[in-house]
Amino acid sequence: MILTSPTESNIEMWLNQEMIAKNGGAFRPADDKWRTDLTCRSANVAEAKCAVQEAARPWLVAALAYYAKVKSARTLNKMTGILRQCAASGLNVLDEADAIAIRNKLRKGQFSILRVFLKEWREDYLLAVCPSEQVVTILYELTSKNIRGPCPVESMNPRVGPFTVLETQSLFDWANDAYTNGRISLERLVYIRLLIATGARKRQIQQLVFGDITNTVDGPTLWMPKAKQKGFEYRNSFQSFKLATDLYQLLLSYQNLTFQCLQSERPGVDWVMALSHVPLFRAKGKSSGRCVIIDDRDLRRLEVGPQEKFHKQDRTMSALLEGLEKDAAFPVSERTGEKIHLASHRFRHTLGTDMSRMGYGAHAIASALCHKSIASVGRYIKTSPEMSKRIDDKMKTQMALVVNAFQGRLVEGADNAINGLYPNKTIRGQTDAIATCGASGGCHLDAPVACYTCSKFQPWIEGAHEEVLKHLQLRQQRAIEAAGQNSDAAISFDRSILAVIQVINQINDKKRQSKGVSDE
């Protein structure tokens with residue numbers, strides 16, 4: 001017999017029934033943990049229910065079960081997390097005497113979520129045990145305590161706020177170089193490049209499949225699933241992003257490699273038919289081997305359409321950015337002198353400030369960021385002039401000591417360099433040869449401007465690097481005269497100039513050391 005609603009006489013039986021959550025996952029309320037969405041972590045109900053006295057716990061679980069039927073798994077996780085915080089502090093969310101302590105314990109957003117839940121429990125769920133009217137009234141009369149601190153965008157917080165133009169360039173260059181030299185995976189490179197290009201939420205990128213990569217009459221386009229706001233469930237609404245040609249080619253290469261691996265490792269599926277439904281970021285199971293997608297009996301469903309269960313989970317998506325700063329060449333922030341703090345939401349803040357700097361209006365920025373209104377866009381417009389300032393010439397000499405823009409290695413000359421025997425690998429300045437390229441393949445970048453920030457660059461100690469520096473400074477000055485002090489064209493030279501200064505400094509240090517030894 002299926003019980004439609006809990007009563008005092010059947011509450012235990014009702015909690016032991018299997019139910020279906022909003023995301024389609026099955027759960028049993030009596031269980032300690034609910035996994036209502038395979039792409040996110042389980043909701044810890046066992047600890048959450050300790051936020052009320054023991055007699056009321058079955059009814060709190062029943063209220064959470066109703067909540068799970070209308071809220072996403074991530075919202076449910078937030079709710080159980082808030083209840084666990086209260087329980088850990090010995091607070092009873094049904095006791096009006098604890099109301100102020102609860103307000104002081106929770107962040108502004110958490111406090112709002114909790115009181116909405118308690119109000120719905122009382123007014124909508126019609127359970128025998130529920131919050132009193134006094135508790136709900138008191139919680140709504142209390143002003144939320146905002147302990148989050150200043151806005152990370154407006155305060156230009158160097159850990160959680162937007163990246164500067166130079167920081168973004170540094171991350172872009174580092175990611176490409178790290179992948180080329182085998183220090184990060186192609187999957188991680190694709191994730192970082194998508195964050196830089198789109199500023200999308202992690203949840204949006206998590207839902208991408210290869211069929212979202214298209215080449216229309218308007219050029220390469222990525223169809224990004226919308227997320228977070230009401231009505232935007234799993235892949236039911238999209239926004240388009242224009243893709244740069246190099247990113248489009250990278251995504252196609254990633255798709256082709258994935259296709260080959262799928263055919264090799266999971267031959268029981270028609271991958272020609274299924275490929276467009278395969279997630280870009282896939283659940284891969286617990287194996288640490290070459291597994292390209294989790295081994296599951298439902299894999300053939302991908303021949304018909306995308307399946308949420310095959311996307312990476314939240315935790316493994318977050319792991320794509322973890323540990324990258326341990327790389328010796330990971331870029332340093334010119335603001336802090338420390339390695340750049342990498343977090344996915346920072347790219348979102350950066351997109352807003354960059355769009356404002358490029359002259360886009362409030363409505364365009366709100367649309368790109370999938371905001372419902374322009375209410376919060378003003379912070380990007382206010383902040384963008386400060387975040388996009390070109391580095392002052394007087395600061396560059398000192399900054400070159402901090403920012404590791406030069407990633408190559410100094411050599412005495414061609415005889416000491418990798419590829420030194422090949423004339424076509426010699427790099428020339430304005431008049432003379434100055435370095436050797438250590439890369440095995442060809443390169444079509446702007447030499448020697450792009451070379452100084454490349455890990456394969458091998459500048460000669462006796463090279464005319466001061467001549468290159470003067471040439472770069474002249475080109476930057478022309479860009480300033482043409483487009484303004486803080487234009488993209490002017491700013492684009494900052495990192496290369498810092499790298500050249502760093503090379504000159506290292507050469508001078510070596511020469512001083514050599515002179516000191518010879519003097520002895």
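Attention here is on the structure that accompanies the text.

Conventions and cut-offs
- Residues numbered from 1 in each chain as written.
- Predicted model: local features only at pLDDT ≥ 70, side-chain atom pairs only at ≥ 80, totals over all residues.
- Heavy atoms only, no water.
- Helix = DSSP H or I, 4+ residues; strand = E, 2+ residues; numbered from the N terminus.
- Buried < 20%, exposed > 50% of the residue type's maximum accessible area, 1.4 Å probe, protein only.
- Contact = heavy atoms within 4.5 Å.
- Areas by Shrake-Rupley, 256 points an atom, 1.4 Å probe, with all protein chains shown as cover.
- Lys, Arg positive; Asp, Glu negative; His and termini not counted.
- Charge placed at Lys NZ, Arg CZ, Asp CG, Glu CD.
- Pairing = 2+ DSSP bridges.
- Expected span 1.5 Å × (residues − 1).
- Polar contact = N/O pair within 3.5 Å; in protein donor to acceptor, adjacent residues only side chain to side chain.
- Axes fitted to C-alpha atoms, helices over the stretch in contact; angles between N-to-C directions.
- Core = buried A, V, L, I, M, F, W, Y, C linked by side-chain atoms within 4.5 Å.
- Parallel < 35°, antiparallel > 145°, perpendicular 65-115°, else oblique.
- Nonpolar A, V, L, I, M, F, W, Y, C, P; charged D, E, K, R; others polar.

## Description of the overall build of the protein chain
The helix and strand inventory of the protein chain stands at 20 helices and 10 strands. Here the protein chain holds 520 residues, and 48% of them are scored as buried. A separation threshold of at least 6 residues defines the contact pool for the protein chain, and within that pool the share at least 24 residues apart is 64%. About 25700 Å² of surface is accessible on the protein chain, with carbon and sulfur atoms providing 50% of the total. Positive and negative side-chain charges of the protein chain, numbering 69 and 55 respectively, have mean locations separated by a distance of 2 Å.

## Here we look at the pairing of strand β6 (residues 219-225)
Burial runs high along β6: 6 of the 7 residues are buried. Inspection of the sheet shows strand β5 (residues 213-216) paired to β6 by 4 bridges, in the antiparallel sense. Residue Thr-216 lies in a different strand from β6, and its bridge partner there is Gly-219. Here β5 hands over to β6 after 2 residues, the two strands then running antiparallel side by side. With 5 bridges joining them, β6 and strand β7 (residues 238-242) adopt antiparallel strand pairing. Of the residues in β7, the one forming a bridge with Thr-221 is Lys-242.

## What about helix α6 (residues 108-123)?
Between its first and last C-alpha, α6 extends 23 Å over 16 residues, near the 22 Å set by a 1.5 Å rise per residue. Three or more residues of α6 are buried, namely Gln-110, Phe-111, Leu-114, Arg-115, Phe-117, Leu-118, Glu-120 and Trp-121.

## Concerning the side chain of Gln-407
Along the polypeptide, Gln-407 turns up in the loop between α17 (393-399) and β8 (426-428). Within the structure, Gln-407 has its side chain in polar contact with the backbone oxygen of Asn-404 (distance 2.4 Å). Among residues more than four places away in sequence, those in contact with Gln-407 are Ala-329, Tyr-452, Thr-453, Cys-454 and Ser-455.

## Concerning the sheet that holds β6
Across the sheet, 3 strands lie side by side as β5-β6-β7; this open sheet has antiparallel pairing. The outermost strands of the open sheet, each flanked by one partner alone, are β5 and β7. Along the sheet, successive strands turn relative to each other by an average axial angle of 35 degrees, direction set aside.

## Points about the nonpolar core
Trp-174, Leu-194, Ile-205, Trp-271, Leu-280 and Phe-281 are the most contacted members of the largest nonpolar core, which totals 51 residues. For this core, the element with the most residues is helix α11 (residues 245-265), which contributes 8 residues. Residues in contact with Ile-205, not counting those within four places in the same chain, are Tyr-191, Leu-194, Leu-195, Thr-198, Ala-200, Met-224, Phe-281 and Met-317. By size, the runner-up hydrophobic cluster in this structure holds 43 residues, among which are Ala-48, Leu-60, Ala-68 and Trp-121.

## As for the packing of helix α3 (residues 57-70) against α6
One way to put it is that α3 packs onto α6 with a least axis distance of 10 Å and a crossing angle of 100 degrees. Judged on the interaxial angle alone, α6 and α3 are roughly perpendicular. Listed contacts from α6 to Trp-59, Leu-60, Ala-63, Leu-64 and Tyr-67 of α3 are Ile-113, Phe-117, Glu-120 and Trp-121. Split into classes, the residues belonging to the contact of α3 with α6 amount to 8 nonpolar, no polar and 1 charged.

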